[in-house]
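Close look at the chain arrangement
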Number of protein chains: 2
Amino acid sequence: MTRRAALGGIVLTMIGVSTAAAQQTLVEQARFAFRPIPHEPPAVEGLEATPARVELGKMLYFEPRLSKSHTISCNTCHSVGMAGIDPLETSIGHRWQRGSRNAPTVFNAVFNTAQFWDGRASDLETQAAGPLLNPIEMGSSPGDIVKRLKAIPGYVARFREAFPGQDDPITFEHVRRLIALFEATLITPDAPFDRYLRGNEDAMTTEEKNGLRVFLEKGCVQCHHGVNVGGGRYAPFGVVEVPGADLLPREDKGRFNVTRTADSEYVFKVPGLRNVVLTAPYFHSGRAWDLRQAVAVMGTSQLGAALNDDEVDEIVAFLYSLTGRQPVVTYPMLPPNGPDTPRPEP
Amino acid sequence: MTRRAALGGIVLTMIGVSTAAAQQTLVEQARFAFRPIPHEPPAVEGLEATPARVELGKMLYFEPRLSKSHTISCNTCHSVGMAGIDPLETSIGHRWQRGSRNAPTVFNAVFNTAQFWDGRASDLETQAAGPLLNPIEMGSSPGDIVKRLKAIPGYVARFREAFPGQDDPITFEHVRRLIALFEATLITPDAPFDRYLRGNEDAMTTEEKNGLRVFLEKGCVQCHHGVNVGGGRYAPFGVVEVPGADLLPREDKGRFNVTRTADSEYVFKVPGLRNVVLTAPYFHSGRAWDLRQAVAVMGTSQLGAALNDDEVDEIVAFLYSLTGRQPVVTYPMLPPNGPDTPRPEP
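Residues numbered from 1 in each chain as written. Chains lettered and ligands numbered in written order. Predicted model: local features only at pLDDT ≥ 70, side-chain atom pairs only at ≥ 80, totals over all residues. Heavy atoms only, no water.

Further remarks concern the interface of chain A and chain B. Each side of the interface is counted separately: chain A has 37 residues, and chain B has 37 residues. Carbon and sulfur atoms supply 71% of the area that chain A and chain B bury against each other, a total of about 3100 Å² over both sides. Sorting the residues of chain A by area buried against chain B places Trp96, Trp289 and Tyr331 of chain A first, and these three jointly supply 25% of that buried surface. Connecting chain A to chain B are 0 salt bridges. For the pair chain A and chain B, the interface holds 8 residue pairs in polar contact (both at pLDDT 80 or more). Taken together, the residues of the side of chain A that touches chain B sort by class into 21 nonpolar, 11 polar and 5 charged. (Contact = heavy atoms within 4.5 Å. Buried area = accessible area lost by both parts, 1.4 Å probe. Salt bridge = Lys/Arg side-chain N within 4 Å of Asp/Glu carboxyl O. Polar contact = N/O pair within 3.5 Å; in protein donor to acceptor, adjacent residues only side chain to side chain. Nonpolar A, V, L, I, M, F, W, Y, C, P; charged D, E, K, R; others polar.)

So this is what it looks like as structure tokens:
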């Protein structure tokens, strides 16, 4: 089975979009394929968002004591000041170990259908456990985390407030869900593209609209659609032409590690393109630093159509219209250690 | 010359305080030795604080790309969410190297007469260069930093705005001064003790006022006075009794490394005690995690008077009154890399 055939179902579905396109205006086509980012954070299943919980989730997101060394927090690799990423090929974790894949943005991640490059977590609250427990990232265990938090009096009080009436509110489950609750607030509405989708045709420049047209016509939209302009499905990196090992290191077989089926070799979750001009470097390998290069590679590897310089420029112009209003985050005050807080293990 | 003799001048000066004390009320004695934290940040010499400069200084303070690895910022070790410290004995720097001394708080540091534990920097703008350039901390060079910032278009625009009319505003000198400008805003006014000093006698509890009295009577005030309740002079660690190597590692001779004079062996800047209940672990070695222990050690090593448990408790009660209003910091948006931004070197 060729890679193209593996994607057949999806390609066919999208042909419907292309056929309809002929009779539609550009904005109608766009509305068919994309959705604007809502103004309010979506609900996180299983835990109602109260102000006390969202604030506690923010504290935990910034809390370096969730790591074994007490130096690495969620925000270290997914900085709220850098569109939810770090500016590295792959992040640096516990004892300066390097991650194997580029840190995806946390911004708007709540709109992805799955988390991680290989989709191995179905939602943010499942994802949150990954870096916390990964020995090369934060290096903790659920038991360590609960023990530490229980020995920090300020957190004991905050968890009581967030879960009134509960006898033992400091659980790893709650930690994960609270972090997810805060992460769900990290959305970037009101990009020019969102305002365009909502009916303001002047919100995008002529160049950006031309780029949108090219994006639709060339077929980028087959993978990059929905609220996040991606993040909704999987695709082999190299549908048509397998990129060089510089961009696609052969040792990382992507979703194959999750499914163990041959047709998921080198398959990755399609990344969302929201705020993409802010989130270099690109690809799961983090090896493409230049957005124009990344777009050109997508042309040859995924579409089988080498994009000319003008087309790359046009698509990049469209991508600029995906930069939304960045969340304003007040740095949380983290409570001091108590007398029995376990010591860092750097 | 004994250590005690080396401090003779200061001890004599302070006797004046003690003699006068008999005729003074507690608040009068306190006002003689201490000053409240002002409500507005003090000026930084050599650079007028404009909103554009303070905001740019904040961006630089949070900017991991000032480090060689693009992962460590000022805020990594001096977190605005943790009273200006990290919760470690000594910080972790470039390639997981460990610093040799505990990271002092940046909060209210502008009121210290010198910076670093050994006072080797006279002011914040001189201090700022230290971690930036230290190979075991951020590991950069002035040239690297200037080159990186000049290759990030967002910074080019911000520096132009902060230094209107200047042809070449991105200089290492400006980077240092801008960081200092932001740091000078990190002050914590309105602690109970400040409100007490300003005339509200009910701002402190009876226990806290008792502790203040003990603090004055036992002579803690001889070293810990002024706005920062410290930070204004040097003292040997072990004026009376040299602490064990667990707290005072023998290889770090403190200010001796700056002055090379025998009488500055094991001399350190007296740390300020503002927000001290938030800034464990303690001492230049970061080896004392418990504030009661730290106070007790000060009694034996500096005062030659073993403090009994009640006295330690009373002093600790006073120290609680030194926790001020923590600065509210909105996380800055950091501009993305440009096409020619030098890559991180992790």
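Here the narrative resumes.
With that settled, consider the layout of surface pockets. Summary: where empty space remains is shown by rolling a probe the size of a single water molecule over the atoms. Residues and elements named next belong to chain B. Roughly 920 Å³ of internal volume is contained in the second largest pocket. Around the second largest pocket, the lining is made up of 50 residues, and of these His224, Val270, Pro271, Leu273 and Met298 lie nearest the centre. Of all the secondary structure elements, the ones that give two or more residues to the lining of the second largest pocket are α2 (8-21), β1 (234-236), β2 (267-269), α14 (291-303) and α15 (309-320). For the lining of the second largest pocket, the element with the most residues is α14, which contributes 6 residues. Among the residues making up the lining of the second largest pocket, the classes are represented as 33 nonpolar, 12 polar and 5 charged. (1 Å grid on protein atoms, 1.4 Å probe; cavity = no way out; pocket = protein on both sides within 12 Å on 5 of 7 lines; lining within 4 Å. Points joined across faces, edges and corners; volume = space filled by probe spheres on them. Helix = DSSP H or I, 4+ residues; strand = E, 2+ residues; numbered from the N terminus.)

To continue, consider helix α12 (residues 206-217) of chain A. Residue and element names in this part refer to chain A. For α12, spanning 12 residues, the distance from its first C-alpha to its last is 16 Å, which sits close to the expected 16 Å at 1.5 Å a residue. Those residues of α12 not exposed but buried are Glu208, Lys209, Gly211, Leu212, Val214, Phe215 and Leu216. Contact partners of the buried residues in α12: α3 (26-33), α11 (192-197) and α15 (309-320). (Expected span 1.5 Å × (residues − 1). Buried < 20%, exposed > 50% of the residue type's maximum accessible area, 1.4 Å probe, protein only.)

We now examine the environment of Ala245 of chain B. All names here are of chain B. Within the secondary structure, Ala245 is located in the loop between β1 and α13 (256-259). Note on Ala245: relative accessible area 43%, which makes it partly exposed. Along the backbone, Ala245 and Ile85 are 160 residues apart, and their C-alpha atoms lie at a distance of 24 Å. Aside from chain neighbours lying at most four places away, what touches Ala245 is Arg250 and Arg287.

For the rest of this paragraph, the subject is the relation of the copies chain A and chain B. Between chain A and chain B, which share one sequence, the superposing operator has a rotation angle of 180° and an axial displacement of 0.0 Å; the RMSD is 0.0 Å. Here the copies are linked by what is in effect a two-fold axis. Within chain A, Thr330 of chain A has its C-alpha nearest the rotation axis, a separation of 2.1 Å. (Least-squares fit on C-alpha atoms with pLDDT ≥ 70 in both.)

Our focus in this paragraph is the confidence of the model for chain A. All names here are of chain A. Looking at chain A as a whole, the pLDDT averages 93, with 94% of positions reaching at least 70. Every residue in residues 1-13 scores below 50 in pLDDT, and together they form 18 contacts with partners more than four places removed in sequence or on other chains. The ipTM for the predicted assembly is 0.93, set against a pTM of 0.93. (pLDDT = per-residue confidence, 0-100.)

This part is about the pattern of salt bridges. Where side chains of opposite charge bring their charged atoms close, a pairing between them can arise. Residue and element names in this part refer to chain B. Throughout the structure, instances matching the rule amount to 32 salt bridges over all chains. The partner of Arg177 in a salt bridge is Glu125, with the nearest N and O atoms 3.6 Å apart. With a gap of 52 residues between them, Arg177 in helix α10 (residues 172-183) and Glu125 in helix α6 (residues 124-127) connect regions that are remote in the sequence. No difference in accessibility class separates Arg177 from Glu125, as the two residues are buried.

Turning to helix α8 (residues 142-150) of chain B, a few remarks are in order. At 3.6 residues per turn, the α-helix brings residues three or four places apart onto the same side. Residue and element names in this part refer to chain B. Of the positions making up α8, those classed as buried are Ile145, Val146, Arg148 and Leu149. On an axial view of α8, the arc spanned by its buried residues comes to 165°, and they lie on one face. Buried residues in α8 make contact with α4 (51-61), α7 (129-133), α9 (153-162) and α10. (Arc of directions from axis to C-beta.)

Moving on: the nonpolar core. The biggest cluster of nonpolar side chains holds 185 residues, and the ones touching the most others in it are Phe34 and Phe193 of chain A together with Phe34 and Phe193 of chain B. Setting aside residues no more than four positions away along its own chain, Phe34 of chain A makes contact with Phe193, Leu197, Leu212, Phe215, Leu216, Val221, His224, His225, Gly226 and Val229 of chain A. (Core = buried A, V, L, I, M, F, W, Y, C linked by side-chain atoms within 4.5 Å.)

The next point concerns the packing of aromatic side chains. Applying the stated criterion to the full structure yields 23 aromatic pairs over all chains. Taking the centre distance of 5.9 Å and the plane angle of 45° together, the rings of Phe62 of chain A and Tyr331 of chain B count as tilted. Placement of Phe62 of chain A in the loop between α4 (51-61) and α5 (74-77) and of Tyr331 of chain B in the segment after α15 is noted, with the two residues assigned to different chains. A residue is classified by how much of its surface remains accessible, and Phe62 of chain A, at 2% relative accessible area, is buried. (Phe/Tyr/Trp six-rings, centres within 6.5 Å; stacked < 30°, edge-to-face > 60°.)

Glancing now at the side chain of Arg176 of chain A. Residue and element names in this part refer to chain A. Locating Arg176 in the fold gives a position in helix α10 (residues 172-183). With a relative accessible area of 14%, Arg176 lands in the buried category. Among the polar contacts made by the side chain of Arg176, one reaches the main-chain carbonyl oxygen of Glu125 at a distance of 2.5 Å. Excluding its chain neighbours within four sequence positions, the residues that come into contact with Arg176 are Glu125, Thr126, Ala128 and Ala129.

For Ile72 of chain B, the position within the fold is in the loop between α4 and α5 (74-77). Residue classification places Ile72 of chain B among the buried residues on the basis of a relative accessible area of 7%. Considering only alpha carbons, one finds Ile72 of chain B and Ile179 of chain B, 107 residues apart in sequence, at a separation of 15 Å. In this structure Ile72 of chain B touches Trp96 of chain A together with Glu63, Pro64, Ser67, Gly93, His94, Glu137 and Met138 of chain B, once residues within four positions along its chain are discounted.

We now examine empty space enclosed by the protein. Under the definition given, this model contains 2 cavities of 30 Å³ or more. Residue lining of the largest cavity: 38 residues in total, with Thr71, Ile72 and Thr76 of chain A together with Thr71 and Thr76 of chain B positioned closest to the centre. Mapped by element, the contributors of at least two residues to the lining of the largest cavity are α5 of chain A together with α5 of chain B. Tallied by class, residues from the lining of the largest cavity come to 21 nonpolar, 15 polar and 2 charged. A volume near 100 Å³ is recorded for the second largest cavity. Lining of the second largest cavity is provided by 13 residues; of these, Pro335, Pro336 and Asn337 of chain A together with Met82 and Leu278 of chain B occupy positions nearest its centre. Here the lining of the second largest cavity is composed, by residue class, of 10 nonpolar, 2 polar and 1 charged.

Another aspect to go through is the side chain of Ser285 of chain B. Residues and elements named next belong to chain B. Looking at where Ser285 falls in the secondary structure, it is placed in the loop between β2 and α14. Residue Ser285 is classed as buried on the basis of its relative accessible area of 4%. Those residues in contact with Ser285 that sit more than four places away from it in its chain are Glu89, Thr90, Asn102, Leu247 and Pro249.

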